[in-house]
Amino acid sequence: MTNKIIEQDDDEVMQLVHQAEAGMDDDGVVTFSSGVKVETKPIPTGIAMAFQKMWSAKRPHVPRVWIDELNDYEENPDNEQYQLDMDAWKNDFHVAQFQLSATLGVGNIINVPKGIPAPEDDSWLETYKMLGLAVPRTPAERKLAWINTHAIVTAGDMLALQLAVVKQTEVSEEEVTQQVEKFRSNSQRRGNSKRSRAR
């Protein structure tokens, strides 16, 4: 469930941040609203750098237009197609960041509440088959699918996991703040884009 963060105003985003912080402890253990509790761990530096490089290469280029008055080309970030492409890129990047955190940033699963099938339990895969969903085949796919469908319930859960992994990766407080601000900016941008298309 990687698209829980949709249209939130600033107050709602801050509520999600507070919810995320409430689910984290100083040892990197995250307790989701489902009651599932997991250990988080740092993303290996090499993988994190390769991930950032790959997504930077995919970022849309700002179109350039000729300006007679300047007798030169100038970037036009207001281009409608460019803005649509950037919205799509940022959404895909956000989802990919979450998938990276959920697969490589989650260590041991400490607690699975009664009523929630464990990751190794095949019963929840039967539901996938019944609904015609792609059944995860590899351990990494299975782990991501289980976290998505059973551990994480709210947008605050998603943010809690990502912030905990960021902290485990031994980044500065400034970088953690940047992660929150990116979350806030992406949420507001999706809301504004959705409202603009509705007009």
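Conventions used here
- Residues numbered from 1 in each chain as written.
- Predicted model: local features only at pLDDT ≥ 70, side-chain atom pairs only at ≥ 80, totals over all residues.
- Heavy atoms only, no water.
- Helix = DSSP H or I, 4+ residues; strand = E, 2+ residues; numbered from the N terminus.
- Buried < 20%, exposed > 50% of the residue type's maximum accessible area, 1.4 Å probe, protein only.
- Contact = heavy atoms within 4.5 Å.
- Areas by Shrake-Rupley, 256 points an atom, 1.4 Å probe, with all protein chains shown as cover.
- Axes fitted to C-alpha atoms, helices over the stretch in contact; angles between N-to-C directions.
- Parallel < 35°, antiparallel > 145°, perpendicular 65-115°, else oblique.
- Nonpolar A, V, L, I, M, F, W, Y, C, P; charged D, E, K, R; others polar.
- pLDDT = per-residue confidence, 0-100.
- Expected span 1.5 Å × (residues − 1).
- Polar contact = N/O pair within 3.5 Å; in protein donor to acceptor, adjacent residues only side chain to side chain.
- Patch = residues over 30% accessible without salt bridge, like charges linked within 9 Å, V, L, I, M, F, W, Y side chains within 5 Å.
- Salt bridge = Lys/Arg side-chain N within 4 Å of Asp/Glu carboxyl O.
- Arc of directions from axis to C-beta.
- Phe/Tyr/Trp six-rings, centres within 6.5 Å; stacked < 30°, edge-to-face > 60°.
- Lys NZ or Arg CZ within 6 Å of the ring centre and 35° of its normal.

Here we take up the overall build of the protein chain. Along the protein chain, the regular secondary structure elements total seven helices and five strands. In the protein chain, which comprises 199 residues, the proportion classed as buried is 36%. Across the protein chain, contacts joining residues at least 24 apart in sequence account for 70% of those joining residues at least 6 apart. Accessible surface, the protein chain: about 11,900 Å² in total, of which carbon and sulfur atoms supply 51%.

We now examine the packing of helix H3 (residues 80-104) against helix H5 (residues 139-151). At a minimum axis distance of 9 Å, the contact between H3 and H5 shows a crossing angle of 110 degrees. The angle between the axes of H3 and H5 places the two elements in the roughly perpendicular class. Here H3 contributes Phe 98, Gln 99, Ala 102 and Thr 103 to the contact with H5, which in turn contributes Ala 140, Lys 143, Leu 144, Ile 147 and Asn 148. Class assignment for the residues of the contact of H3 with H5 results in five nonpolar, three polar and one charged.

Moving on: the confidence of the model for the protein chain. Averaged over every residue, the pLDDT of the protein chain is 81; residues scoring 70 or more account for 72%. Ranking the elements of the protein chain by mean pLDDT puts helix H7 (residues 173-198) last, at 55, and H3 first, at 94. The model gives residues 1-9 a pLDDT under 50, and that stretch makes 30 contacts with residues more than four places away or in other chains.

To continue, consider the environment of Thr 154. Take Thr 154: it is sitting in the loop between H5 and helix H6 (155-168). Residue class for Thr 154 comes out partly exposed when judged on its relative accessible area of 22%. C-alpha of Thr 154 to C-alpha of Ser 33: the two residues are 121 residues apart in sequence and 7.3 Å apart in space.

This part covers H6. In this model H6 runs 20 Å from its N-terminal to its C-terminal C-alpha over 14 residues, within 8% of the 20 Å that 1.5 Å per residue would give. For H6, the buried fraction is high: twelve of the 14 residues fall into the buried class. Listing the buried residues of H6 in full gives Ala 155, Gly 156, Asp 157, Met 158, Leu 159, Ala 160, Leu 161, Gln 162, Leu 163, Ala 164, Val 165 and Val 166. Its side-chain oxygen at 3.3 Å from the backbone nitrogen of Gly 156, Thr 154 defines the N-terminal cap of H6.

Quick look at a nonpolar patch on the surface now. A grouping of Met 130, Leu 131 and Leu 133 is seen on the molecular surface, where their side chains present a nonpolar patch of about 350 Å² in accessible area. Along the chain, Leu 133 falls in the loop between helix H4 (123-131) and H5.

Moving on, we get to the pattern of salt bridges. Under the counting rule described, the total for this entry stands at two salt bridges. When the shortest N-O distance is used, the salt bridge between Arg 142 and Asp 122 registers 2.7 Å. With Arg 142 in helix H5 and Asp 122 in the loop between strand S5 (106-111) and H4, this residue pair connects regions lying 20 residues apart in the sequence. Across the pair Lys 129 and Glu 126 runs a salt bridge whose closest N-O atoms are separated by 3.5 Å. Taken together, the residues span about one helical turn, with Lys 129 and Glu 126 both in helix H4 at a distance of three residues. Owing to a relative accessible area of 44%, Glu 126 belongs among the partly exposed residues under this scheme.

Another point: H4. Here H4 has its buried residues at Trp 124, Leu 125 and Tyr 128. Viewed along the axis of H4, the buried residues span an arc of 105 degrees, placing them on a single side of the element. Tucked inside the fold, the buried residues of H4 contact H5. Backbone geometry just downstream of H4 places Gly 132 in the positive-phi region, at approximately 75 degrees.

Counted by the stated rule, this structure contains seven aromatic pairs. Each ring, one from Phe 51 and one from Phe 93, has its centre 5.8 Å from the other, and the planes form 25 degrees; the classification is stacked. Separated by 42 residues along the polypeptide, Phe 51 in helix H2 (residues 45-58) and Phe 93 in helix H3 bring together distant segments of the chain. Taking the relative accessible area as the measure of exposure, Phe 51 reaches 11% and is therefore buried. Members of the aromatic cluster, each reached through a chain of ring pairs, are Phe 51, Trp 55, Trp 89 and Phe 93. Seen from the ring of Trp 55, Lys 58 lies directly overhead, with NZ or CZ sitting 4.6 Å from the centre.

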